[in-house]
Each structure stands twice: as structure tokens, then as C-alpha cells.
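Inside the fold
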Amino acid sequence: MTTAPDTSLPTYKAKDFASDQDVRWCPGCGDYAVLKAVQKALPSMHRKREDFVFVSGIGCAARFPYYMNTYGMHSIHGRAPAFATGIKLANPNLDVWIVSGDGDLLSIGGNHTIHVLRRNVDINIILLNNRIYGLTKGQYSPTSEFGKKTKSTPLGSLDFPLNPLAMVIASGGTFVARCIDIDLKALEKLMLIAEHHRGTSFIEVYQDCNIFNHQAWFYASQKDSRPETTIELEHGKPMIFGAEKDKGLVERDGRIEIVELGNGISEADLLHHDETNRNRAYMLTQLLQPNFPEPMGVLFRDPDEPTYDSLVEDQVKQATEKSGPGDLRTLIEGPSTWTVQGDAVSG
Amino acid sequence: MSATHTKMPAEDQQIDAVAIRFAGDSGDGMQLTGGFFTDTSAIVGNDIATFPDFPAEIRAPRGTTYGVSGFQLQFSSSDIHTPGDSVNALVAMNPAALKTNIEDVEPGGIVIVNEDEFTEVNLRKCGYPDAYNPLEDDSLQSSYRIVQVPMSRLTRESLADSGMGAKNIDRCRNMFALGIMYWLYDRPLEPTIQELEKKFNAKGNEAVAEINVKALKAGYYFGENAELFPSRFHIAPATFEPGTYRKIAGNEATAIGFATAAQLAKKRLFYAGYPITPASELLHHLARMKNFGVRTFQAEDEIAAVCAAIGAAFAGDLAMCGTSGPGIALKAEAMGLAVMLELPLVIVDVQRAGPATGMPTKTEQADLLQALYCRPSEAPVIVVAPASPADCFTMAIEAFRLSVRAMCPVIYLSDGYIANGAEPWKLPDIESLEPISITHPTETNNPDGPYLPYMRVEETLSRPWAVPGTAGLEHRVGGLEKQDITGEVSYDPANHEHMVRLRAEKIERLQSVIPPLEVVGPASGEALLLGWGGTQGSITTAANRLRERGHKIANAHLRYLNPFPKNLGDVLQRYDRIIVPEINMGQLRMLLRAKFLIDVIGINRVRGKSFLVNDLVDDVERVLKSDKGAVKQ
């Protein structure tokens, strides 16, 4: 949707998108920052407030719609993508957003997440990934690290974690991005790009649960470690990271490796980020701490894939053009009828 | 349409009703053959009732008993409601079909077999003992009028010069068999010839149409010339109310009914489904109705289907989903959410024999309690149940009318028997169908504050259906308990109890707009035979026969299960005995006992089939003779 801003729209401020409900997350929760970023980003989207619908599943993050002064549905555990699909198919003009957590979207709701992505329904998903079950008071989640000690795994978790963005790419996702909760500017920016993307947008947010999994993302959020543990992606630009901007990524024998700049290696030798390359994007999802800096920004974007909701509308339109608007009498009569007059029968 | 009435020989017999069955391998085209016979019989003016009976396996190994597919049809010159208890004439295309169907043939009944298929290999495949051939069994020969026809050979010979391959030719055997039956029951060939030409010519297969027509005629003339039967039978047209009729099966009537409901409501219909027997046809039918503004969505699973439908309802579509018992179980949590959200939604359950996978192609009525109570906590929904294939149309419209009025989900309990069975349907006068009135508010109901999404209409207690995209009515719905009126999250104990009672009261208030229970027969007396759902045909026929035998017995049929019709309690008081036949272990009986504190006697069978009329008559007579108490099966 790259149409020019509609000047007849009301000028909204962030507070126009705040509902009158008291926000009930734990003090210091990363969700506050995300809520603020979302409320700040919406006025720049040039959409009417009544056209936004926020949908969530169950969990701490899933309380999100209650705090937004838009239409919203707090649904059941894991099913937000299915509800969102129904909403979008019923009214494709709506701007539908899912905000939910890692347990909700990747564990109990993993199936729906896969299928909404493969259909490329034109909705936006914000995954608040805190690598823990918060609302049920601290069990390990599908993104928790191997060996994690929690209430349900006192001797350490034996599950290997799911890589959300690898799953999104494998499912055919057409917009794949990542940021961290403390970086409000990045989230706002990604939300705007996501909103303009036709198709399912998926933004993973590293979000801190300061009660049950505090500091899970400290390596990526702290000023001193962040330049070494993350890499900011920019389309067409060389992949450079490090506090001194002295390191970069190259591809050798089909693998990504870290190199130090200098000693004959210049920026031109580095990988240049190509957000249209799905295979490369998959490789980027495999860059994980402690061995690699974790990519932040837009990993992949395919703006040309048709969206499910527009295909559905097209099909209805074509069927109507071909057969004409449905005639109830013809439908009820079916292929053949017979008429009874008085007691007599005629075919 | 003119009929090929050949001159009626002197020995022709006029009879009132006949039940026939075509049986063969799943690949033998028995459903198609039975369908043609049904269409022709409807066109010549007989009353009809059909029972397609097929295995869950699509193509079980050829010649085995578990691969046998059957199609039973009763056609008559009087009013009938069932496909018949026993079969007067069976067509068995192979030994397996004979073996699995012979018991249902009446003593002395006609059995036409394709004798070419009674080879040693085939006899062994269906498990007959070594060296045994039923066609050589004197006891079988003396119990039935077995007519052996070399159908395979005759079909091949009649099509020898067609230039078609053996495979195509052998596939015409069913038309040869149909031709014989058309001769035996004095049916015209033209309607089937036209259907065959339409079916194959559309695909450019004129040659295939031609050989099928030729085989059909060959069978017909074989019947005429071979003097296999001492006489043929003539079944006069039935007396119908004047009007235009068509043949309809329950699933199709259901689909047309919901599409009609959407037109009556001036809304788009959104249907979400996940393939499941015997409900998949709903999705197939509705997927072809796109030019009626119908959107169909084949979801990734049963849960996604109901959730997408709830989403579409929230956004303003007339939304529904369809499934069978196992799917209802999976949808239970989401249905509870729909109860909390107070949105209109219809969930079709085409019941099948269970539990678990059970017998997917066989019928049962055992989801009544699941429909009423399968959700967590107190989550009442409206429950309706069509009584016959044609009634599916009426009840589909009723389902949405009630759902929209109360802003409450509806479960529509069809079953495999009426979903696949067909009967004549007197077409409704479209203009006389009552519109379904729906209002989406556009103005806020609270100018001084936030919109109040749970503000209620006094008469119905329903909340406004404000849809996203409407300025000023922004609101949030969700699964957490709602404060009445404001819709805000509330843990207040008194409010929770208020809301629990209110969600039930909304449904009770529908009693004022649902028709009273109609009783057929004496207004009081010996006994009331009370059924619900797809058993209406069997129960009505049994009640008629019992009255003919002098019993002062009445019958009535419930199509509204929640709420019950307002007069149900009064009706139950007027009879000495209340007898409830059900294809389950006594679910309605339990509800009636609990709600009205009266004794109710059950007649319960769970065999994957509807009731045989004779069984019902016998069971009821036993109840009437006995002291009050349940009938032991």
C-alpha cells in the first residue's frame, strides 16, 4: 500500500490509540515499551483508527488489545492467526495486527502461524519473544535455551529451542524482521515498513520478562555488548559490526564467516545485505550467539507475492463475472424439477 | 418429458411401494446407478427416499466384502418417509455384494446377480468356503428368486463394435444392470439418457456417453426379451400437493439453506471447514456458490476453521463452519469464546458413529449432549436439528435467524443418514421467505464516554453487533469475563453470576419465536412417541402403522433442542407413556427426565443405521404391553 497519505484523515497522536484501561503488566516489563512504540507508530500509518484491529491469543503479551483504543480481540490460546484470517477475509480493508508471545504463536499456535504465513494473508504479526511462559509463572517456552532450569524443568530443559525466523522463512513468510524491545525507534520503523508490506509481515521482538527470565536478552540490549552481539542490516550495505566497526561477514564455501577488516580485507569484500534473497535470509537466521552477531532489521522482504485475501476477492469477482450474480431461484431448483398440478404429474 | 411406456403385458402387477438396492464394488458406480434410478422415479411422480451406504475406504481391494458399496431406494405411489426396512429386489454385481446384502432381502425377494463375477477367485476373495458357490446353494435358491445374468459378457457383446477398450466397456455394466431394473419396474429411459449425455458430452466424451446409453438400452431389452421375470411391476405416481418439486439430499439442502439465509439477511456468507466425512460436501457445495458472495475457507485444522468463522463474524459476515463429532470436540474451546463474545455463528455437526474415528460413513445421533455441554464451564448455545433431508433447508435459515436475534452461537445437528439420503422437496416460494433483519450500529450508544459493546436490547437481551471499520464504536472483545454493558474485563463475583445467567436467559427467551411442538395423532392417551433429528421418517411411519393397528398413540418430533418449544412440558403431561427412540444410548431421554421430572422410556439402537420401521413397531408394542420400563435390546 504505497498510496499517498489521505489528507482528509484526522491527525492522530499516540494517546488517541491508548484505551482507558489501566495497563496491568509487571512494572519494568518489556511489553510497556512495545505498547508505546506501537501507539507512536500508528499515527504515521495514515489509516483511520476504526480500521485497525488488534488480535491476540493468550499470555501476558496477549493482553495487548485491551490497551489499544482500536477494535480488538483477545482470543484463545494460539489461535490468533486463524481469527485474524477470518477478520481480514470478511473485510480486506481492515488493518489487522497480531501481537502475541512465543508460547502462543510458536507452541500451542505453531500450526496456525505456519499456515497464515504460507497463505500470505495481508496482516502483521508482532512476536514478543521473552523465551519463557510468564503468565503461568515461569515454565520454559519453545524458544528457551537447552538446559534451562525452570519450575517445570528443575534439572534443566531437554528441548532444543525453535528458531522463530527460520520457521517463518521456511513457511514462506514474505516479510521477516527483528528488533529488541528497548530500541523503540527501530520497532516504530519496522512497523511502518511492515504496514506498507502487502502480505504477512512478521516482526520478532526480543522482549525482556523481568520477573521470570530477566536479562535473557541482556547481551543484545546492553550498550557495551550490543555492537558485538548484533548486526544492523541495511539493504545493499556491507554487513559490518563491532564497537569499532571493524568486523564483517563474508560467505565462503556456502557458509557465513566473520572476518576482521584491514589486512587486505575491505568493505567491498564483505557480504552486502540483499533483503530479496530468501536463501541468504535463511542463513542469516542461523547467525546465533555466542558464535555470531544476531541480525537486526529486515532480513527478508518479497513485495510481489500475491496475498491470500486479494486472491479470494479476485476469485469471487471472476466467478460472479462468469456466472452472473447468484440467482436464488436457480440455486433452489437445481438441475431438474417436476411440477405437480392437482393430482396429476408432469415432468 | 415423455416416457417410453411399452405396452403393459396382462400379467403386470400394480404395487404400492418397492425397495430396491444396488450393490457392488466401490468402483462399480453403484451410487451413480442408484442416483439415476432415483431421478427417474422422482420424474415419473413416485415418492422417494434413498439410503446411500458406502464404506469409508475409497477403493478397497476389488471383490472384498469391505469394499462393497450400496444404494437403497424406496419409491412408491403413496407417502413414504424411509428407504424401506427390507429390500424387495437386490442387484448384486459380485459375490461380495451378494454376501453382505442378502440378509436384507425379504424372503422370496428378487436377487439379480452378475453371474460372470462368481468365479473361484472372487468367491474366495469374499471369504466363502472352498468349493462353495451361493448360486449353487439350494437353500438360497429356494429362499429368494435368484436371477442369474451374465452381465459382464452381455455388456461386452453389446458394445463389441463400439471400438472402445475393454476397461471402458466393463465400466458400463452398471448401466446394463440399471436397464434391467428399468424394464422390471417400467421406468422410462429418456431421463437417464439425457443425464448421461449431459455428464459425458460436457467433457467431450461423446463416445463414452454413447456406450453407456447403449448398455442401458441393452439391459432394458434384455429384461424384455429374456423372460427372466414372470411379471413386471408398475408403481403409479404418488399424490403430491401441487407445486414444483426436486430431489434433494440433506447436505445439499443444508448448503442451499445457508446461502439462502445470507440472501435473506442481505449479507455475505463465510464458511470455514476442514475436510471430514460426512460434512465435507457442505464445503464442496458452498465453494461453488462464489457468485452468491459466498466465501469458503478450507482451514488448516478444525480449530482454525471455527476461529476464522468467529473472526469473520466479528468483522460482520454471516459466518459458519461445518464438521462432524470429532471436529466439534476440537472446536469446543473456541465455541466457548463465541458464547462470551456474543457473536452470531452457526456450527454444523453432521453426526456420525463414534467415538474417535468410529464409523465415519455411518450415522448416529450421539452428539446431542456434546452439542449442549461439551464446552468448559457454563456455555449454553442454541441447538437445532433438521428432521429430514428437505427440512435441512428450513432449519439452516432458522439457525441464522435465531443466532442473529440472540447474538449467540448455534449448533445445527444433522446426521449422516439425512445428509446423504434424498427425498422429494416441494420448493419454497422464495418471496414468502421472511427476511432476516440485521442492524449494525453506526452511532455510539454512549456520547459521553467509550462505546458500550455489551449494552442490551431489553426484549432479547442481545448486544449490538458493531463491526470494525465503524468510526466511534471502537471496542475490544475477548475471552476474559465481561462487565455487562461496558464489556470491560471484570472479576467481580456478582457480575460473573449475572453474566452466566444472562447468557442462558438469552437462549430461553427464544422460546417466544420458535414454533410450538406439533403432535400427530390423539391429543392425549396411551403413549407419545417423541423423536428428534434425522429419525423423523422412521418414527412417523412406525406411528402411522401403530395407529392403524388400533393404538391410541401420538407422535411428535423435536427440531429445537435448546431451547425446547414452550409447550413441550404440557405435551409430555398428556400421555401415559413417553417413548423416545434415539440412535444413541438415551441422550434426549436423560434431558427430558432431568428437566421435566417425568419417566421417559427409551428405544435405543446404535448400529450405524437409522431405525427399521418394523423394529420400532415391535419395540413400541412391547413397551405398551409391559409395565413402564426400558426395552432391552
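Our next topic: the overall build of chain B. Scanning chain B for helices and strands turns up 21 helices and 23 strands. What you see for chain B is a C-alpha radius of gyration of 27 Å, in line with the 26 Å of a compact globule of 633 residues. Overall size of chain B, expressed as C-alpha extent along the three principal axes, is 90 × 65 × 50 Å. Buried residues in chain B amount to 62% of all 633 residues. The contacts of chain B with a sequence gap of at least 6 include a subset with a gap of at least 24, amounting to 76%.

Aromatic rings considered in pairs are described by the distance between their centres and by the relative angle of their planes. Inspection of every chain in the model, using the stated rule, returns 29 aromatic pairs over all chains. Where A:Phe17 meets A:Phe52, the ring centres are 5.8 Å apart and the plane angle is 90°; that geometry is what we call edge-to-face. Placement of the pair is A:Phe17 in the segment before α1 (30–41) and A:Phe52 in strand β1 (residues 52–56), with a sequence separation of 35 residues. Judged by centre distance (5.8 Å) and plane angle (45°), the ring pair of B:Phe176 and B:Phe222 falls under tilted. Here B:Phe222 lies in helix α9 (residues 206–225) and B:Phe176 lies in helix α7 (residues 173–184), a separation of 46 residues in the sequence. For the pair shown, B:Phe176 and B:Phe222 are each scored as buried. Joined through ring pairs, the aromatic side chains of A:Trp25, A:Tyr32, A:Phe54, A:Phe64, A:Tyr67 and A:Trp97 make up one cluster. Here B:Lys99 stacks its cationic end above the ring of B:Tyr128, 5.3 Å away from the centre of that ring.

Turning next to the interface of chain B and chain A. Contact residues are listed per partner, giving 73 residues for chain B and 64 residues for chain A. Here chain B meets chain A over a buried area of about 5,600 Å², counting both sides, of which 62% is carbon and sulfur. For the salt bridge of B:Glu300 with A:Arg119, the shortest nitrogen-to-oxygen distance reads 2.9 Å. Run the count over chain B and chain A and you get 25 residue pairs in polar contact (both at pLDDT 80 or more). Elements supplying a minimum of two residues to the side of chain B that touches chain A: α1 (30–43), β9 (243–249), α10 (250–264), β11 (294–298), α12 (302–314), α13 (325–341), β16 (422–426) and β17 (476–478) of chain B. As paired strands, strand β2 (residues 71–74) of chain A and β17(B) are joined by 3 bridges and run parallel to one another. Across the sheet, A:Gly72 pairs through a bridge with B:Arg476, a residue of β17(B).

Time to look at the environment of B:Leu330. Residues and elements named next belong to chain B. Structurally, Leu330 can be placed in helix α13. Given a relative accessible area of 48%, Leu330 falls into the partly exposed group. When the C-alpha atoms of Leu330 and Ala255 are compared, they prove to be 22 Å apart, with 75 residues separating the residues in sequence. Setting aside chain neighbours within four positions, we find Leu330 in contact with Glu302 and Ile303.

This part is about the packing of α12(B) against α13(B). Residues and elements named next belong to chain B. In the contact formed by α12 and α13, the axes pass within 8 Å of each other and the chain directions differ by 20°. Considered as vectors, α12 and α13 are oriented roughly parallel to each other. The handedness of the crossing between α12 and α13 comes out as right-handed. Across the interface between the two elements, Glu302, Ile303, Ala305, Val306, Cys307 and Ile310 from α12 touch Gly327, Leu330, Lys331, Ala334, Ala338 and Leu341 from α13. Counted by class, the contact of α12 with α13 contains 9 nonpolar, 1 polar and 2 charged residues.

Okay, the pattern of salt bridges next. The full count for this structure, using the stated rule, is 48 salt bridges over all chains. Where B:Arg62 meets B:Asp28, a salt bridge forms, and the shortest distance between an N and an O atom there is 3.5 Å. In this pair, B:Arg62 sits in the loop between β3 (47–53) and β4 (68–76) while B:Asp28 sits in the loop between β2 (17–25) and α1, placing the two residues 34 residues apart along the sequence. Since its relative accessible area comes to 42%, B:Arg62 is described here as partly exposed. In this structure, the salt-bridge partner of B:Glu195 is B:Lys198, at a minimum N-O distance of 3.7 Å. With B:Glu195 and B:Lys198 both in helix α8 (residues 190–201) and 3 residues apart, this pair spans about one turn of that helix. Each of A:Glu313, B:Arg268, B:Arg295 and B:Asp317 takes part in one network of salt bridges that share partners.

Attention shifts here to the side chain of A:Ser144. Residues and elements named next belong to chain A. Within the secondary structure, Ser144 is located in the loop between β6 (139–140) and α5 (164–170). Residue class for Ser144 comes out buried when judged on its relative accessible area of 2%. A distance of 2.7 Å separates a polar atom in the side chain of Ser144 from the backbone oxygen of Arg131. Separated by 2.8 Å, the side chain of Ser144 and the backbone nitrogen of Ser141 make a polar contact.

Conventions and cut-offs
- Residues numbered from 1 in each chain as written.
- Chains lettered and ligands numbered in written order.
- Predicted model: local features only at pLDDT ≥ 70, side-chain atom pairs only at ≥ 80, totals over all residues.
- Heavy atoms only, no water.
- Helix = DSSP H or I, 4+ residues; strand = E, 2+ residues; numbered from the N terminus.
- Rg over C-alpha atoms; globule rule 2.2 N^0.38 Å.
- Buried < 20%, exposed > 50% of the residue type's maximum accessible area, 1.4 Å probe, protein only.
- Contact = heavy atoms within 4.5 Å.
- Phe/Tyr/Trp six-rings, centres within 6.5 Å; stacked < 30°, edge-to-face > 60°.
- Lys NZ or Arg CZ within 6 Å of the ring centre and 35° of its normal.
- Buried area = accessible area lost by both parts, 1.4 Å probe.
- Salt bridge = Lys/Arg side-chain N within 4 Å of Asp/Glu carboxyl O.
- Polar contact = N/O pair within 3.5 Å; in protein donor to acceptor, adjacent residues only side chain to side chain.
- Pairing = 2+ DSSP bridges.
- Axes fitted to C-alpha atoms, helices over the stretch in contact; angles between N-to-C directions.
- Parallel < 35°, antiparallel > 145°, perpendicular 65-115°, else oblique.
- Left-handed = near helix turned anticlockwise from the far one by under 90°.
- Nonpolar A, V, L, I, M, F, W, Y, C, P; charged D, E, K, R; others polar.

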